[in-house]
Amino acid sequence: MTDSLPPFVAPEQTPEWAELLASADAWVARRITDAFAVDATRVDALSLPAGALWLDASKQAWDADVLARLLALAKAVRLPDGIEALFAGAEVNFTEHRPALHMVCRGGAAVPPPDRERFTATEAHLEALTSAFHQGELRGATGARLDHVVNLGIGGSDLGPRLVCEALSHLEPPRHGVRFVANLDPGDFNTTVRGLEAARTLFVVSSKSFGTAETLANLERARAWLARELGTHETAAHFLAITSNPDKARALGFAAERILWLPPWVGGRYSLWSAVGLPVALAFGWARFLELRAGARRMDQHFRTAPLERNLPVWLGLLGLWNASLLDVSSCAVLPYDQGLAWFPAWLQQLEMESNGKRCRRDGSLVPYPTAAVVWGMNGTLGQHAFHQLFYQGTRRLTLDFIVPLPRPLDAGRRALAQHALAQAGALLAGRTREEARAALRAQGLSPAEIEALAPHHEIPGNRPSSVLLTDGWNAGVLGELLAAYEHATFVRGWIWGIDPFDQYGVELGKELARTLAAGGTLAGFDPSTRALAARLDAHR
Ligand code: F6P
């Protein structure tokens, strides 16, 4: 579709694909523990460090041969050229004819910022605003110092800064409180501002398009709340807009100097690194925001320069592709063992599912095998007491990502938390045989009849594949490395699948129908169920 990209090569037409299919057939029937038994080098061969991250992928249903074949496939479909194209600002977002240069914001791209002057001015503006905020120079309608932040935004204009603010707040107290409102549900806004002093509240309205219904509704709520609390409609000083569409922001009442530019070449779900990350700087300081960016930049450099064989985002990307497309494992649970990473699964969900939840390729053909897995999860150890049972004895095939930050020094509480993560991954792999179950029941003093009745219920099949990602230290920089590693892994899969990971045409359809419903438009084109439900809603008072 675009000349600036290396030509698309359909993976299934390469010899490597046929070999991988044969390997996948073998692995479906193979036990991972057997692979450990015959290969003493397996842990080393399938572990990889990058920066402060350490990936152990040896408990996955693959081996060094499969990895070698996946790497050969990556070369056959010209992934190295794809990576270079990404960093050089080629139109990797080929349906929208745009580069995807979020790495520019963190200094990790191979090219200077397009629109350099505007970009540099925005950076200076962000830093100055942050400093003015911390100096107490930002004042609201009553003259009071603004010192609480509420971010209004959704999707990429919410999840990245929300995740980072939450993660950092577990490492240090924020200098200023920051809260997030995303949902169209008025309850989100109402409960979030509860207890805040309107006179001291700054709203950061983040929306790449400045046309997103949820965010605009929350902007209106914020204006109404301030007017009600402060007794004036002159509340412009309480708002900043971050957008790629300044005209729209101006039309909605924002003065030019209160609008920060989000470059169009930064995708919404990659926008944390741009002005959209402002809440991080307001809450934790400009220096901390730069540390976060620096960590991501280190991962950019690694991704761009490390050979594929020792490239962590490439491994993560290939492993995800192997599981999703070749082993047909359609569910990936992501389990951060860190309370501060509570929003990581949601962030990753948007990253992978909105980027790669697609099927149409650059040449217009459809991908003839499954693409992005369903990504979900919860921070450990909470999931252990909710859904891990299904991992142990359920009938679904899934893969798990255990994310285990290891702060330095590691206190007893965090060590125990990490031990739980390792124990889960190990136990899910080992399982418990019928004979082991019998022995355990026997030790409890049960009768032979009870033992035979209960043993099948205590048997655990094991062989559940998982990866464990440890960090060496835990701070803003390491968090930046982690997020960028997953971003690039998403790119790797999108490249090999031949889809555009930077557009999101699917979600537009639901938005159109919601607009039709809100406008009381005709639903003639929709199914009887939707029409009947809409009529019921209309009648509801
Ligand atoms: O509807 C999906 C989406 O467009 C995401 O890609 C984006 O992150 C989110 O909505 C918010 O969009 P915006 O930043 O334009 O308000």
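Keep in mind that what you see is a predicted model, and the values were worked out from it rather than measured.

Engineer: Account for the overall build of the chain, naming residues and giving values.
Structural biologist: A tally of helices and strands in the chain yields 22 helices and 11 strands. Projected onto its principal axes, the C-alpha coordinates of the chain cover approximately 80 × 60 × 60 Å. Out of the 541 residues in the chain, the part that is buried amounts to 53%. Put simply, of all contacts in the chain between residues at least 6 apart along the chain, 75% involve residues at least 24 apart.

Engineer: Give a description of the sheet that holds strand S5 (residues 201–206) that names residues and reports values.
Structural biologist: Taken in spatial order, the 5 strands make up an open sheet running S4-S3-S5-S6-S7, and their pairing is parallel. On the outer flanks of this sheet lie strand S4 (177–181) and strand S7 (259–261), each paired with one strand and no other. Pairs of neighbouring strands in the sheet enclose a mean axial angle of 20°, with direction left out of account. Across the sheet, helix H9 (residues 186–193) touches strand S3 (148–152), S4 and S5, and the angle it forms with S4 is around 165°.

Engineer: Requested: an account of the packing of helix H8 (residues 159–169) against helix H15 (residues 344–356), with residues and values cited.
Structural biologist: Direction vectors running N to C along H8 and H15 enclose 155°, while the axes themselves pass 9 Å from each other. One element, H8, and the other, H15, form an angle in the roughly antiparallel class. Crossing geometry of H8 relative to H15 is assigned as left-handed. Along its contact with H8, which presents Leu159, Gly160 and Leu163, the element H15 presents Phe344, Ala346, Trp347 and Gln350. Taken together, the residues of the contact of H8 with H15 break down into 5 nonpolar, 2 polar and no charged.

Engineer: Outline the domain arrangement of the chain, supporting the account with residue identities and numerical values.
Structural biologist: By domain assignment, the chain separates into domain 1 (11–90 + 306–497), domain 2 (114–292) and domain 3 (506–539). Distance from the C-alpha centre of domain 2 to the C-alpha centre of domain 3: 32 Å.

Engineer: Can you explain unusual backbone geometry? Please cite residues and give values.
Structural biologist: With omega at 10°, the peptide bond leading from Gly380 into Thr381 counts as cis. Of note in the backbone geometry, Arg78 takes a positive phi value of approximately 65° without being a glycine. Tracing the backbone through its elements, the reader meets Arg78 in the loop between helix H4 (64–76) and helix H5 (79–87). On the basis of relative accessibility, which here comes to 33%, the residue Arg78 falls in the partly exposed class. Positioned with a positive phi, Asp328 is a non-glycine residue whose angle comes to about 60°. In this fold, Asp328 is placed in the loop between helix H14 (312–326) and strand S8 (331–336). Overall, Asp328 belongs to the partly exposed group, its relative accessible area being 46%.

Engineer: Quick one: what's the story with helix H22 (residues 528–539), residue by residue and with numbers?
Structural biologist: Over its 12 residues, H22 extends 16 Å from the first C-alpha to the last, a length consistent with the 16 Å expected when each residue adds 1.5 Å. Burial within H22 is sparse, with just 1 of its 12 residues counted as buried. Where H22 starts, the residue carrying a side-chain oxygen 3.0 Å from the main-chain nitrogen of Ser529 turns out to be Asp527.

Engineer: Requested: an account of the side chain of Asp300, with residues and values cited.
Structural biologist: Tracing the backbone shows Asp300 in helix H13 (residues 286–305). Setting aside residues up to four positions removed in sequence, Asp300 forms contacts with Phe87, Met103, Arg106, Gly108 and His488.

Engineer: Residues and numbers for the environment of Gly413, please.
Structural biologist: Within the element layout of this structure, Gly413 appears in helix H17 (residues 412–430). Each C-alpha atom, one on Gly413 and one on Pro461, is 31 Å from the other, the two residues being 48 residues apart in sequence.

Engineer: How would you sum up the pairing of S8? Please name residues and give values.
Structural biologist: Taken across its 6 residues, S8 has 6 buried, putting it largely inside the fold. Burial along S8 is two-sided: the residues Ser331, Ala333 and Leu335 and Cys332, Val334 and Pro336 are all buried. Pairing analysis gives 4 bridges linking S8 to strand S9 (residues 374–377), with the strands arranged parallel. Its bridge partner being in S9, Ser331 is matched across the sheet by Val374. For the crossover from S8 across H15 to S9, the handedness is right-handed. The pairing of S8 with strand S10 (residues 399–404) spans 5 bridges and is classified as parallel. Counterpart to Ala333 in the pairing with S10 is Leu400.

Engineer: How would you sum up the packing of aromatic side chains? Please name residues and give values.
Structural biologist: Note on aromatic pairs: each is described by the distance of the centres and the angle between the planes. Counted according to the given criterion, the structure contains 21 aromatic pairs. Taken together, Phe189, Phe203, Phe210, Trp225, Phe239 and Phe254 form an aromatic cluster joined through their ring pairs. In this structure, Arg106 packs its charged tip against the face of Trp273, placed 4.7 Å from the ring centre.

Cut-offs and rules
Residues numbered from 1 in each chain as written. Predicted model: local features only at pLDDT ≥ 70, side-chain atom pairs only at ≥ 80, totals over all residues. Heavy atoms only, no water. Helix = DSSP H or I, 4+ residues; strand = E, 2+ residues; numbered from the N terminus. Buried < 20%, exposed > 50% of the residue type's maximum accessible area, 1.4 Å probe, protein only. Contact = heavy atoms within 4.5 Å. Pairing = 2+ DSSP bridges. Axes fitted to C-alpha atoms, helices over the stretch in contact; angles between N-to-C directions. Parallel < 35°, antiparallel > 145°, perpendicular 65-115°, else oblique. Left-handed = near helix turned anticlockwise from the far one by under 90°. Nonpolar A, V, L, I, M, F, W, Y, C, P; charged D, E, K, R; others polar. Domains from an automatic or database assignment. Expected span 1.5 Å × (residues − 1). Polar contact = N/O pair within 3.5 Å; in protein donor to acceptor, adjacent residues only side chain to side chain. Right-handed = clockwise from strand over helix to strand, strands pointing away. Phe/Tyr/Trp six-rings, centres within 6.5 Å; stacked < 30°, edge-to-face > 60°. Lys NZ or Arg CZ within 6 Å of the ring centre and 35° of its normal.

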